[in-house]
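Residue-level structural notes
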Amino acid sequence: MRFFSPQIPELGLSELARKSGFDKATTLRCLNALERNGFVEQDVLSRKYRVGLSPFHLAQIREQSFPVESIIAEHLDALATRVGETAHGTLMAGRDPVTVAISSPNRALFVHVSPSTALPWHATASGIAIAAHLPDEAQKELLDRLEFAPYTPKTPSNKEDMRTEWNVCRESGIACVQSTFEDDVVGTAAPIFGQTGHAVGSVAIASVALRMTPDLQTQIASELRRVSQIITNKIGGVLPVNL
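Below or above, wherever it landed, is the structure these notes cover. Residue indices begin from 1 for each chain and proceed along its sequence in written order. Side-chain atom pairs in this predicted model are given and counted only at pLDDT of 80 or more, local residue features only at pLDDT of at least 70, and totals for whole chains, interfaces and linings cover all residues. In computing side-chain values, all of the structure's heavy atoms are included and hydrogens and water are not.

**A word on the pattern of salt bridges**
Rules: Basic side-chain nitrogens of Lys or Arg form a salt bridge, by our definition, when they fall within 4 Å of a carboxyl oxygen of Asp or Glu. Strands here are runs of E lasting at least two residues and helices are runs of H or I lasting at least four, both read from the DSSP assignment and numbered beginning at the N terminus. The cut-offs for exposure are 20% and 50% of the maximum accessible area for each residue type, with area from a 1.4 Å probe on protein chains only; residues under the lower value are buried, those over the upper are exposed, and the others partly exposed.
For the coordinates displayed, the defined rule picks out 13 salt bridges. Among the ionic pairs, Glu-85 bridges to Arg-211, the shortest N-O distance being 2.8 Å. A residue pair is termed long-range when its members are at least 10 positions apart, and Glu-85 in the loop between helix H4 (68–83) and strand E4 (86–93) and Arg-211 in the loop between strand E8 (199–208) and helix H8 (214–234) qualify at 126 residues. Residue Arg-211 is classed as buried on the basis of its relative accessible area, which comes to 19%. Where Asp-144 meets Lys-140, a salt bridge forms, and the shortest distance between an N and an O atom there is 3.3 Å. One end of the pair, Asp-144, and the other, Lys-140, are both in helix H6 (residues 136–145), four residues apart, so they sit about a helical turn from each other. Linked through salt bridges whose partners overlap, the residues forming this network are Glu-10, Glu-41, Asp-43 and Arg-50.

Below is the structure:
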């Protein structure tokens, strides 16, 4: 299911088999089960698969019982207005962080963030902010499976790079990266904590690099710390002692 995205809304059997690492027969059995339960549907003409209606039904149930997305979203408009840059919120979805809410500033030039897209752990401030506050075992598992795709020349490329970024984030309460996922974009993020005291998501600002100044970076960091703590409190989360 995570192979579908706004950029790739439909996938064929061969594509899904290649992406999943399964053979076609196994992939088809999985797709048939998902289709029977409404999680995917197949276009009768192209024979490609797309997301069905069941995930949306389950998302509504989750949001009604545990409204984290709406709690994050209610703070993003004001955040984007105050700093003049794109604000977005991220939550864990399975093993990856996924963008769940976005607010763009009222200006001609701003960073576009794709909705409902899994973010790379190593290349984004959101991924770093969450990973820095995961349990030790989860961090080890994450480092073992990361492939360190080189999105730009500045993308962190190894485990030591990641540990350094995590340490900086834990000390400052903020993850900040420039041109690691997209050129000319500065990403800044603060973690959102759950009831266990570990990160369950993040709130972030994606800034146009040419507008970034030391004063703006200080303002963004301050705003993110404040908003992330408000959201953490609203969802019943527990802040680490050092924050």
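**A few points about the sheet that holds strand E2 (residues 40–42)**
Inclusion rule: For two strands to be treated as a pair, DSSP must find at least two bridges joining them. Residue contacts are counted whenever heavy atoms from the two residues lie within 4.5 Å of one another. To get an axis, fit a line to the C-alpha atoms, keeping to the stretch in contact for a helix; angles then go from 0 to 180 degrees between the N-to-C directions.
The three strands lie next to each other as E1-E3-E2, forming an open sheet whose pairing is antiparallel. The strands lining the two open edges of the sheet, one partner per strand, are strand E1 (10–11) and E2. The pairing of E1 with strand E3 (residues 49–51) spans two bridges and is classified as antiparallel. The partner of Leu-11 across the bridge, within E3, is Tyr-49. Contacts between helix H2 (residues 24–36) and the sheet are confined to E2 and E3, with E2 contributing the most and set at about 105 degrees to the helix.

**As for the side chain of Ser-228**
The test is simple: Each polar contact in these results corresponds to two N or O atoms within 3.5 Å; when the atoms are within protein, one needs to be able to donate a hydrogen and the other to accept it, and residues that are neighboring in sequence are counted only if both atoms are side-chain atoms.
With respect to the helices and strands, the residue Ser-228 is situated in helix H8. At 3.0 Å, the side chain of Ser-228 and the backbone oxygen of Arg-225 are in polar contact. What Ser-228 contacts, discounting residues up to four positions off in sequence, is Ala-190, Pro-191 and Val-203.

**Focus: the pairing of strand E7 (residues 185–193)**
Counting buried positions over the nine residues of E7 gives nine, a clear majority of the element. Summarising the sheet, strand E6 (residues 175–178) and E7 pair through four bridges and their orientation is antiparallel. Residue pairing in the sheet places Gln-178 in a bridge with Val-186 of E7. Between the antiparallel neighbours E6 and E7 lie six residues, among them Ser-179 with a positive phi of about 60 degrees. Here E7 hands over to E8 after five residues, with Gly-197 in that stretch at a positive phi of 85 degrees.

**Looking at H8**
Let me state the cut-off plainly: What a helix should span is 1.5 Å times the count of its residues minus one.
Counted at 1.5 Å a residue, the expected span for H8 with its 21 residues is 30 Å, and the 30 Å between its end C-alpha atoms agrees. Every buried residue of H8 is accounted for by Leu-216, Gln-217, Ile-220, Ala-221, Glu-223, Leu-224, Val-227, Ser-228, Ile-231 and Thr-232. Those residues of H8 that are buried are in contact with H4, E6, E7 and E8. Gly-236 sits one or two positions beyond H8 and adopts a positive phi of about 75 degrees.

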